[in-house]
Each structure stands twice: as C-alpha cells, then as structure tokens.
Amino acid sequence: GASMHLRKFFFFAIGLCLTLPSIASETEQRRFILEIVDDFGDPVKGVEISRNLSTNEPGFERMQDYFSDEMGRVVIPLPKSMRLLRMWLSKEGHVPLFANWMSDSTRRIPRALIITMPQATTIGGLILDPNGNPIADASIEVRLAGGGKSFSGNAHIEYLSSLGRDSNAIRSDDQGRWSLQAVPPGDDVRVSLKVSHEGFIKDESWGGLQAANGVTTKQLREQTARIVMPEGSVMTGRLVDMKGQPISGAVVSWSREKRWNGRAQVTTDSNGNYQLPPLKPGRLYLAFTASNHQPTLIDVQLSMASDELETILPPGRELKLKVVDVNDVPISDATVDVERWKDLNSFISGRQCDLFDACGIEKTDDQGRTIWNSAPEEIVQLAIKKDGFSSEQAELVASDSEYTVQLYESLNLKGRIVDANSGDPILDALLVPVSYYVRRPDDPIVQRTQIRQVAGEFDFKKSYWDEGIDIVLQFEAPGYRPQRIGPFDKTAGTIEQDVQLQPASMLSGQVVDNSGAPVANANVSFSTKDTSLIVNDWTYRSDGLSTQTNQQGHFDLGATMSAPSVISTHEKGYAEVTLELNEQPGILKLEPWARVAGTLMRDNNPVIGERVYLRPIRMLGGDNPHVQDSFSTVTDGEGRFLFERVPPVPSALSSYVSVWRETKLTSSRHVPLDLKPGETREVTLGTGAVVRGRVQPSGDLASKLDMNYCLNYLLKRAPGITPPEPIQRAGFAWEDGWSFDYKNSQEGRGFLSTLTYHFVKFQSDGSFEIHGVDPGDYEFAISIYEPPEGCLIDPVGLEVVSVSVGPNDIDMRDINVDVQLGPKVGDTFPNFRFETRREGQTGAISDFRGRFLLIDFWATWCAPCVKQIPNLRSTVQRWNEDQVTVLSVSLDEDLDHARKFILERNMSWPQAMMAGRDGPIVRQQLGISSVPIHYVLDEEGRVLHRAFNLDEATSFIDQILEK
C-alpha cells in the first residue's frame, strides 16, 4: 500500500508540470509516459491507445497501437518535432477518450501525464415499427451532444464524441433492444442518435427520430427509450439510353436539397434497374451519371404510391482537354477531376464529385491530352493536378474545340528566419499559412491548424489553390513580433526570401478566481482583427491561439501584430480583456459562468428536435478583435434546451429559421440577454399572441415573386439591453424606430442584436404567422427580394407597418407593398453611361442600337455570376455580333480589381463598370435586386425580356433569331 501511494505521488508530482514547456533536448529521445487510472485512482490495465502523429523525422510510423501494463502505464516514443499528435484511448467498461495536440501545442506535450478514464454508464432502448413490433438489426449510431465532466487538468484531452459510428454502430437484437456501455456519467450528459434500417425511413440528420419520438436522456439512462421507425416510400427506377437499352453500373444519387454533394448513392444492375431506400414522401432531387452518357438531374414528387421511374440518359458529349506547362510542353499523367456540375459539388474542395466516379476522366496521355466522353451540355468545373505543379480550376463546356489548360510550377518559398538585430538564426519559430483573399485584402484568414515548426530556415511548398485566394506566410517565435511575407499567387514559382523578426514582449499575465487565488490549468486564448478565435464550446480553446496557466496561474502568449482580446476560461469562470498593442493583460479575474435554460414552444406545444442558438453580441470588422463564439443545442423530447456554461456578457438567444431551406418554424423570437456572473436565466420562446397576415406586392411582375426569399423583422418598440461600447459609438437609439440601415453595417447589426424582435419567414404567397409575440408596440419591417439565382443585393420593395399587440391573436390581413422592379417589358431601357474595361474610356447603352443586346449584370464577389462566365463566353462565340451583342456590367466597387479579373478570365466581349450598386442608376432606375440578372433589348433599346437565369435569356434570343 505504501509503495502504491509513493507511485501515485511520483506521477502526481510529474503531472504538476503538465502545462510547462517541457521539451526534450535536441540530443535525447522524447518519451511520453502515460499512467491511466480509474475514478478511484487505481491503475487501468489493457487500455488500447491508438496513436497517430505527423512528422518529417524518419523512424516513426503514422499509426501505432499501445496497451497499458499492470500499473496502467505506457511509454510512447515521440519525435523531437511534429505537426500533430492524436491518441484514442479505449477499454470496455470505461468512457473512451480522445487526446489531441496540433501545430505549436505539440511543443508543450509533457513528459508524463496521468489520465483519469471514468467508468462508463449504459444507455439503451427499443427500436419498433409503426405497429409496435420490434425491429431487429437496426443500426444505432451514438455521439456525445454536450455536457459531462471537463478535463480541466489538460485542455487537449476530452471524451470521445463518437461512441458508435459506421462499422462500430450498435445493432438491435431480435427483440428490438439495444444498449451501449460507453457514455460518460453525469446528469447533464446529452447524446444524439442516428437510427437506420434498410426497411424503414432512417435518420437524415442526428437526433431526428430521437426527437420525433420525444426521447429524453432519462429514458436512455433507464433503457426505456422507444423509437418508432416510420415506413417510407421505396422508389424504383430504370435507366435507359436513347435506344431504350438498359444502362448498367450507373450511379444514382439523391437529396432533399437542390444543392448537395451527391454522396447518397446506389448503382443500377445489369438491367438498368435501381431501388432507393425507404424515404419520406416529398420533393426529391435525383442525379444520374454513367459512362458515355450525359449526367442528368431531375426532381420528382415522391409519394407512398410512386410508380417506377424510367429515365433516358442522352449520349455524352466530348470535352477535349490538353494540359501544358508555362512553356507549352505537354504534361502527361495529369489528373482531371469533375469538381462541380450544376449545384452538385465535391465534398472536399479540389476532389472529384462522388457522383462522377462512374464516369471519371482518364489521366492525360504523353501529348498532355484527354477526352471525356461523358460530358454534359452545361458548364463543369474541373480540377487539374499533377505533382510538382500548382493545381488549376477550369470551368468548361463540351465543344468541338480542344481546351488548353496551363499549369504553373508549384509554389516553393524558402529562406532563413533570423533575429532582426543580431542576424542569428531563430531555432524555435513557427510558420503559419495565411489565406489572402484577393477581393478582401483587409480580411485575411490565419490558418493556425496548418502551423509548422521551423528551425532557422523554412521550405514551404503549395500545389493546391482555391479560386481568388493567394498565400501569405506568417512567422512567429517566442519573444518576437510576428512578420508576414507575400502575398504570392500560383504563378510565383520558386522564391528565396529571408525573414527578419523584431524582438517583442510576450503577452504575460495571471489568472485568478473570484477570491483572488491563482487558477492552474485555465485556458487562455487571444484574438486580433485578422486572427479569428472561432469557438463553439465553453473552453474557448483553439490550436495556435491558446495556452494554459501553470500552477501559479501565470501564462505567456506570443506577441501580436495588432490589438488583441485575451479570454480565459476554466470551470470556475470566464474573463475577457481587450488591449492596446503592446499592452499587457495583467491579472484576469474569472467571473462565474452564466447559465441559460428554457423551452421552445409553438401553439402551446413543445417544439422538439429544433436548434436553439445563443450568441454573445460582439462588434466585428474594422480593427476589432475577431472573436466568433456561438453556442447551439437541440431541444429534447419536452422542448427543453440548456446552455450550462456561457460567458456572462451581453448575448442573444433565438431559434433556427432560414429562408434558404425548409424549417419547422416560420418565425423566431430574438431575445437579448444581459447575462451576469453566476446568473441562471430561464427563457420560454414561442408563447404569446400569434400575428398573422399576408403581404401583397403590387406591379405587373409581382405574381412572379417567390415571397419566401423576403427578409422581415417584427421589432418591438422598447429599450433593449445596453450595447457593448464599440456598438454604442455608432449612435443608434431604439426611440428612433426601425432603420433598414440595421442590416447594412456591422454597427447596425450589432445594435439590432440588443433589441427584441422576431425574424419572419413568408410563405411563397406572402402569408405569414408570427408566434409567441409579447404585448407591446411593434414595427413590421418588410424587405421584398426577387427569387435569387445568385446573390441578394437590394430589395425591390420596402415597407414598415406599425402594429400594437395585446394578449389575443391579431390578423393584419393584407399588407400592400409597392414593388419597383426596374424596366419592364416594353419600356425603353435607361441610356446610362459607364466606364469600359479601358480606364478613362466611357460608353453608353445607346452605342449598341441597331442590334439585339443581352445585358448581363454581375460582380466578382457573386459566385453564381463567376460560375456562369464560361457559359457566357461560349454564348458570345456562337452569335454574330452584328445581330446580337453581349454587354457584361460589373457592379464591383473596386474597378481596378474588376478590370484585372476580366483580363485574367479573358472576358473579351464588351464590358461596363458601374463602381458599385449604391448609385442612383443601379438602385433607382434599374432596381436590381440580385445578381446575376439579364435584360434582352431590341434594336431600338426596348426591353424584350428579363431573366435571372442565363439559359432562359439565351434561349429567348435563339427563338428570336430562328424567327
């Protein structure tokens, strides 16, 4: 017994050094000693530790397994430097754990560590069919959804969130029963289930069936949870070619949303037949691909009695491609992947869209050529890659011509990192890639998850590039000010450049609790205007931006390039301070966490399985530190939600409503909360009066509006909470009533968050219901937009209506809103002047009289606009310019950037520059609501047609030319 206590004391003493930078010397092997104990401090034998690391040092396999011995110990060799260390710890009867060190935190891995592996608790229940019969062999996947003990002793260790996934999912037995002994103890622990079976409708998202059946954590703990799987519609179909012959081996993909990546798939058999799993009736999007056939996308209305669907795939078109280097030398064995087609895209940028696995493109031959025989009529986005070269994205359309794509040599940046004063090499520096957005040069994104350790010199290579993003390198070292070089684009090639770092003081301070006592193992993180601290749990920890306090509560963070915010978190509480550049944090005093709980209701019934958000109110943009903290949870079977630990700062609570997809709710009450330290706030959302009515737009084209895309707010005319200081300086006041400027600036959006309002979603016909409205005076602010093909710009109709709400429901009946849709068919199009692609040169709409004119309004910041450029280019090439001219009108504010973009994209047809969308021509005369939008004018300048979709506009012109 005495020896056991001595052993525990020995490891406890070592464990006291966990947060110290205990780095082995350059000459000795690093040895990481783990001791794994249970809740009572007794050793746990036979724990499997799966270790994953990333290093450039030889002699280390990426994956390696270890087992704890009789004393619960295991020794794990580690390289002197690495980019990543991850460990999964598992043993039957215990809660599985996950340990994760990334980027610069790998330098602070302790020599020894005691890990407590708690005894697991059990959850379970029954899986039944609609008749109450048990379902055998159902798959139950389980993941942690929140709560549970925190490992405050080491911020890099947590409960494994995935408790049963994919091949490790739990299966129900013949009685429909299932159980899992791997769940952490604690009444606040929440788990989320995903249930599936080939004969029933499966969960399309985590917790769906769980919430629909009103399953509570208590029921899961008692193993009495009953989940009924509904029967669905089973769609069958057949794919044939133009001659009616079956197409085998084709991929069939489906989704509820038009925009998806096509990962849910089945394949056709030798007779061209396929069968989808049971699905909920409703609208379904289907996509088909097969070798030597065009991909086809359709939407169907799935019902319980759906007939077999027969689909004809037309023969594929040829897309010819040649890949060369900058000297026009052919590049063989280049990989060409279909990254995007229509609204289907690859799951990970730069990779093949799963849907096209059945009809992929062969690598280039010795002449650098490849031909794809399964190309569609529409644009496809291709990703072209080859080792040693920078990747290239190309948006192409199949044609008789051969496209040539040029690849540049991979970017290779190298040089020395030295002290600016002495010239001595800096051996413990970090290299941090920074994404530099060409269109947003003041908003770079520091990629701290990609940090690399560099010793005196660096050699950085980059091959894959995202469109419009260049690279900047940031260098950091303890005791030095960060330094950046760049930006560099994919044409840069090999560059040698030394980096000189200027000495600077670390950000040093101490964390204490409410009584002034030092707090060990507290997390401390920082953020600046271009270093985003993105968090969604109470630890506020982010790799590369965080550290932990030592036993005296002291911490050191690296010097910053601009004014930082420093945030400390611990089970004991939260502290935050915003500093000037070179100012020290001093003492951070933790204030107790706030707690927010409540119920989400509608029509006096709980809303189950719906997401609720709590967001601290912050002023982002400009020189303000960029702290993005947002917390969310899902209501349980009783409609309850709980945020156990949230910062005691001004925050806003709301439920989920979106105009971009179907949601359970059509209105969401936004509640500002001035949270105080240690406060528990109980909030009920959705109780109160119902305000209903219908918005009726006026005008000839009003019937074409889909009112679902309107953005509307019912604002209470009452004081809110006190805004944070940066928002106060903007000068907004609740007494002034609604202002549409609230949505046009960071300050306005911040101030709106401090007021009580309801976000309102219209039905397509303009009808609405706003639930849970408290008595009071309100303003109903309505913003009507046209159905967007791309990006929303300006509303075509605005209205503010006052309404007083009492305890009873209110019907506002019809609300008429005047809609200004710009020039209508038959009107003479405004003859405005514009700058051309040549600086100083101007033009006018009247310059194109005597021919048909297709005007294309677009912007470089509009992704759908950019996506259609290849299609627009091919359209220009097939028309005789004497008959039809295409004029693209850019709404970019930065004319130099727009001209550079036009040159790079070879947009050789006429171009016009409007210097933004706020001028009187765009906003008042043209009334443009979203881009892209297209006008077709006749020879006299009268409007013949107006369309959001380019294909619709070009088809209209083709019909005119045929006549």
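Now for a description of the structure that goes with this document. (Residues numbered from 1 in each chain as written. Predicted model: local features only at pLDDT ≥ 70, side-chain atom pairs only at ≥ 80, totals over all residues. Heavy atoms only, no water.)

### What about the overall build of the protein chain?
Move 1: The secondary structure content of the protein chain amounts to 10 helices and 71 strands.
Move 2: Its C-alpha atoms give the protein chain a radius of gyration of 31 Å, within 12% of the compact-globule value 30 Å for 963 residues.
Move 3: Over its C-alpha atoms, taken along the principal directions, the protein chain stretches across nearly 100 × 75 × 70 Å.
Move 4: Here the protein chain holds 963 residues, and the buried ones make up 51% of them.
Move 5: If you take every contact in the protein chain between residues at least 6 apart in sequence, the share linking residues at least 24 apart comes to 69%.
Move 6: Placing the 98 positive and 130 negative side-chain charges of the protein chain at their respective mean positions leaves the two points 2 Å apart. (Helix = DSSP H or I, 4+ residues; strand = E, 2+ residues; numbered from the N terminus. Rg over C-alpha atoms; globule rule 2.2 N^0.38 Å. Buried < 20%, exposed > 50% of the residue type's maximum accessible area, 1.4 Å probe, protein only. Contact = heavy atoms within 4.5 Å. Lys, Arg positive; Asp, Glu negative; His and termini not counted. Charge placed at Lys NZ, Arg CZ, Asp CG, Glu CD.)

### Describing the sheet that holds strand β10 (residues 157-159)
Move 1: If you trace the five strands from one edge of the open sheet to the other, you get β3-β2-β5-β6-β10, paired in antiparallel fashion. Each of the sheet's edge strands pairs with one partner strand only, and the pair in question is β3 (63-67) and β10. Mean inter-strand twist for the sheet, computed between neighbouring axes without regard to direction, equals 20 degrees.
Move 2: Looking at chain direction, strand β6 (residues 97-102) and β10 are connected through three bridges and run antiparallel. Paired with L97 across the two strands is Y159, which belongs to β10. (Pairing = 2+ DSSP bridges. Axes fitted to C-alpha atoms, helices over the stretch in contact; angles between N-to-C directions.)

### Examining the packing of aromatic side chains
Move 1: With the rule as written, the count across this model stands at 28 aromatic pairs.
Move 2: On the basis of an interplanar angle of 85 degrees and a centroid distance of 6.1 Å, the ring pair of W341 and F356 is categorised as edge-to-face. You can see W341 sitting in strand β24 (residues 335-341) and its partner F356 sitting in the loop between β25 (344-345) and β26 (369-375), a full 15 residues away along the chain. In this structure, W341 and F356 share a single accessibility class: buried.
Move 3: Ring geometry for Y742 and F751: centres 5.8 Å apart, planes at 45 degrees, overall tilted.
Move 4: Using a relative accessible area of 6% as the deciding quantity, one classes F751 as buried.
Move 5: Taken together, the ring pairs in this structure connect Y713, F732, W738, F740, Y742, F751, Y757 and F759 into an aromatic cluster. (Phe/Tyr/Trp six-rings, centres within 6.5 Å; stacked < 30°, edge-to-face > 60°.)

### Quick notes on unusual backbone geometry
Move 1: A cis geometry characterises the amide bond from G486 onward to P487, with omega recorded as 10 degrees.
Move 2: Within the secondary structure, P487 sits in strand β36 (residues 483-488).
Move 3: Despite not being glycine, N582 has its phi angle at roughly 80 degrees, a positive value.
Move 4: Mapped onto the fold, N582 is located in the loop between β45 (573-578) and β46 (586-589).
Move 5: Note on N582: relative accessible area 57%, which makes it exposed.
Move 6: Phi at R813 takes a positive value of approximately 55 degrees, unusual for a residue other than glycine.
Move 7: Inspection of the secondary structure puts R813 in strand β63 (residues 810-817).

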